[in-house]
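Letter by letter, the chains look like this.
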Amino acid sequence: MNYQDTVNWMFQQLPMYQNKGNSAFKKDLTNTINLAKHLNYPECKFKSIHVGGTNGKGSTSHMLASILQESGYKVGLYTSPHLKDFRERIRINGKVITEQSVIDFIKRNKAFLERNQLSFFEMTVGMAFEYFANQEVDIAIIEVGLGGRLDSTNIITPLLSVITNISLDHTQFLGNTLEKIAGEKAGIIKNNIPIVIGETHLETENVFINKAKETLSPIYFADQIINDVLESDLQGTYQINNIKTVVQSVKILNDVGFYISSKDLKTGLLNVVANTGLQGRWQVLGNQPKIVCDTAHNKEGLGYTMQQVKKEKHNKLHIVFGVVNDKDLEAIIPLLPKHARYYFCKPDVQRGLDAKLLQSYFKKNDLHGNYYNSVSEALTSAKSNANTSDFIYVGGSTFVVAEII
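Here's what I pulled together on the structure shown here. Since we're looking at a predicted model, the values are computed, not measured.

## What about the packing of helix H1 (residues 3–12) against helix H5 (residues 99–115)?
Point 1. At a minimum axis separation of 9 Å, H1 and H5 run at an interaxial angle of 40°. Judged by the angle between their axes, H1 and H5 are oblique. Every pair of crossing elements has a handedness; the one defined by H1 and H5 is left-handed. Across the interface between the two elements, Tyr3, Thr6, Val7, Trp9 and Met10 of H1 pack against Glu99, Val102, Ile103, Ile106, Lys110, Leu113 and Glu114 of H5.
Point 2. Looking at side-chain class alone, the contact of H1 with H5 contains 8 nonpolar, 1 polar and 3 charged residues.

Now the structure itself:
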């Protein structure tokens, strides 16, 4: 199989959450543990940082990677989902895994993967861990896929665990209260391993404190400790909490044997995109009219980005918007501006919500616009309707953004 055949084969193995949603969620780590054993435990051959949370874990992971790269370390970075190419999920010092490495991993392990019915996500985690071990990275930043306790990444024993924040998302898997979700995400807190919590929430603070007591883990609430906010090339006021989380994490890394100077910290934060290839976080796609896309897709994330939209100077506001079919529209509708003109579209994945349905739901809530056959068609229409002093926002789903960057 060539690279495209290989990736297509992976996508077809047992449901992939990116496309299917609920049915792809695994209830335990048995498969991942078996795969790790089959691969001779690659996760034990490199140092790691484990990053979870509802929002901001991707940005935080990329910031940490950028800073460590500036400090001269060879840094693995595992994140999900990808936007354009599968290989974005697995990087070393910003460079994606080679196509040949993807082909070789599947070719070598295909019989085992089929026999044990591993999911797309499980085999991808195994591939990343083996790649980082073989390439002898100094440290790898491992982003949790979904939840924490039962996530395939949760077989590592990191130097540091990080949980950015907690809000209601993926409630069908993780629970329908903030406490339950925090309990699942707290599953990445390991015995005697320090844990940084990005944001303090009344409902979840004690969940983390109690778990940290149980595991004898030093716990740090970054928003209670860090006052200075350093600048970053990742724009958006919503990055402030992520930056504080990263600054506290760097302090701990320096305590456990790494050397990260304040200069490297600042330079790393200012060069996240260049160092790591991160896309889709308040990304400016054009000016006159200004066009921005963002992957924010739940109540908390969209709340932050809509605050940011309000701060933009503009005449008329155009919003290109699409979601997946398990999205809690009731939670996000109140966040969206009524004066905007909407361009409804369906992201091109199985889980994409029909644009006409989305339009009718928005119309009932006094949000108006037309629906389109594709994201690109919706954006083209927005551009043709907008004047140079207008503002176009594209978002609602990671998959909407993926189609236009």
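Additional details are given in the paragraphs that follow.
## Brief notes about the sheet that holds strand S8 (residues 219–221)
Point 1. The strand order across the open sheet formed by 8 strands is S4-S3-S2-S5-S1-S6-S7-S8, and the pairing between neighbours is mixed. Either end of the sheet is taken by a strand with one partner, and the two such strands are strand S4 (95–96) and S8.
Point 2. As paired strands, strand S2 (residues 75–78) and strand S3 (residues 90–92) are joined by 3 bridges and run antiparallel to one another. When the sheet's bridge partners are listed, Tyr78 is paired in S3 with Ile90.
Point 3. On the sheet, helix H4 (residues 57–70) packs against strand S1 (48–52), S2, strand S5 (139–143) and strand S6 (160–163) and is oriented at approximately 170° with respect to S5.

## Some remarks on the environment of Leu302
Point 1. Along the polypeptide, Leu302 turns up in helix H14 (residues 299–311).
Point 2. In this structure Leu302 comes out as buried when scored by relative accessible area, which is 0%.
Point 3. Residues Leu302 and Ile333 lie 31 residues apart in sequence; the distance between their C-alpha atoms is 9.8 Å.
Point 4. Each residue touching Leu302, except ones within four places of it in the same chain, is listed here: Ala296, His297, Phe321, Ile332, Leu335 and Tyr393.

## As for the pattern of salt bridges
Point 1. Evaluated as defined, the whole model comprises 7 salt bridges.
Point 2. For Lys110, the salt bridge goes to Glu114, with nearest N and O atoms at 3.5 Å. Within this pair, Lys110 and its partner Glu114 are both found in helix H5, separated by 4 residues, close to a single helical turn.
Point 3. By relative accessible area, Lys110 is classed as partly exposed at 25%.
Point 4. On the basis of relative accessible area, Glu114 is assigned to the partly exposed category, the value being 40%.
Point 5. Among the ionic pairs, Glu214 bridges to Lys211, the shortest N-O distance being 3.8 Å. One end of the pair is Glu214 and the other is Lys211, both in helix H9 (residues 205–215) and 3 residues apart, which spans about a single turn.
Point 6. In this structure Glu214 comes out as exposed when scored by relative accessible area, which is 60%.

## Description of helix H17 (residues 375–385)
Point 1. Listing the buried residues of H17 in full gives Val375, Ala378, Leu379, Ser381 and Ala382. The buried residues of H17 occupy an angular sector of 160° when projected down its axis, which confines them to one face. Counted as exposed and oriented over 90 degrees from the buried face of H17: Thr380 and Ser384.
Point 2. Structurally, H17 contributes buried residues whose contacts are with strand S10 (290–293), strand S11 (317–321), strand S12 (341–344), strand S14 (391–395) and helix H18 (398–402).

## Some words on the sheet that holds S10
Point 1. Across the sheet, 6 strands lie side by side as S9-S10-S14-S11-S12-S13; this open sheet has mixed pairing. Looking along the sheet, the strands with just one partner apiece sit at the ends: strand S9 (283–286) and strand S13 (369–371). In this sheet, neighbouring strand axes are inclined to one another by 20° on average, regardless of whether the strands run parallel or antiparallel.
Point 2. As paired strands, S11 and S14 are joined by 5 bridges and run parallel to one another. The residue of S14 that forms the bridge with Leu317 is Phe391.
Point 3. The sheet contacts of H14 involve S11 and S14, and relative to S14 the element is tilted by about 170°.

## Looking at empty space enclosed by the protein
Point 1. For the coordinates displayed, the defined rule picks out 1 cavity of 30 Å³ or more.
Point 2. Contributing to the lining of the largest cavity are Thr32, Leu35, Ala36, Leu39, Pro42, Glu43, Gly126, Phe129 and Ile155.
Point 3. Secondary-structure elements contributing two or more residues to the lining of the largest cavity are helix H3 (30–38) and helix H6 (120–134).
Point 4. It is H3 that provides the largest number of residues to the lining of the largest cavity, a total of 3 residues.
Point 5. Here the lining of the largest cavity is composed, by residue class, of 6 nonpolar, 2 polar and 1 charged.

Scoring rules and cut-offs
Residues numbered from 1 in each chain as written. Predicted model: local features only at pLDDT ≥ 70, side-chain atom pairs only at ≥ 80, totals over all residues. Heavy atoms only, no water. Axes fitted to C-alpha atoms, helices over the stretch in contact; angles between N-to-C directions. Helix = DSSP H or I, 4+ residues; strand = E, 2+ residues; numbered from the N terminus. Parallel < 35°, antiparallel > 145°, perpendicular 65-115°, else oblique. Left-handed = near helix turned anticlockwise from the far one by under 90°. Contact = heavy atoms within 4.5 Å. Nonpolar A, V, L, I, M, F, W, Y, C, P; charged D, E, K, R; others polar. Pairing = 2+ DSSP bridges. Buried < 20%, exposed > 50% of the residue type's maximum accessible area, 1.4 Å probe, protein only. Salt bridge = Lys/Arg side-chain N within 4 Å of Asp/Glu carboxyl O. Arc of directions from axis to C-beta. 1 Å grid on protein atoms, 1.4 Å probe; cavity = no way out; pocket = protein on both sides within 12 Å on 5 of 7 lines; lining within 4 Å. Points joined across faces, edges and corners; volume = space filled by probe spheres on them.

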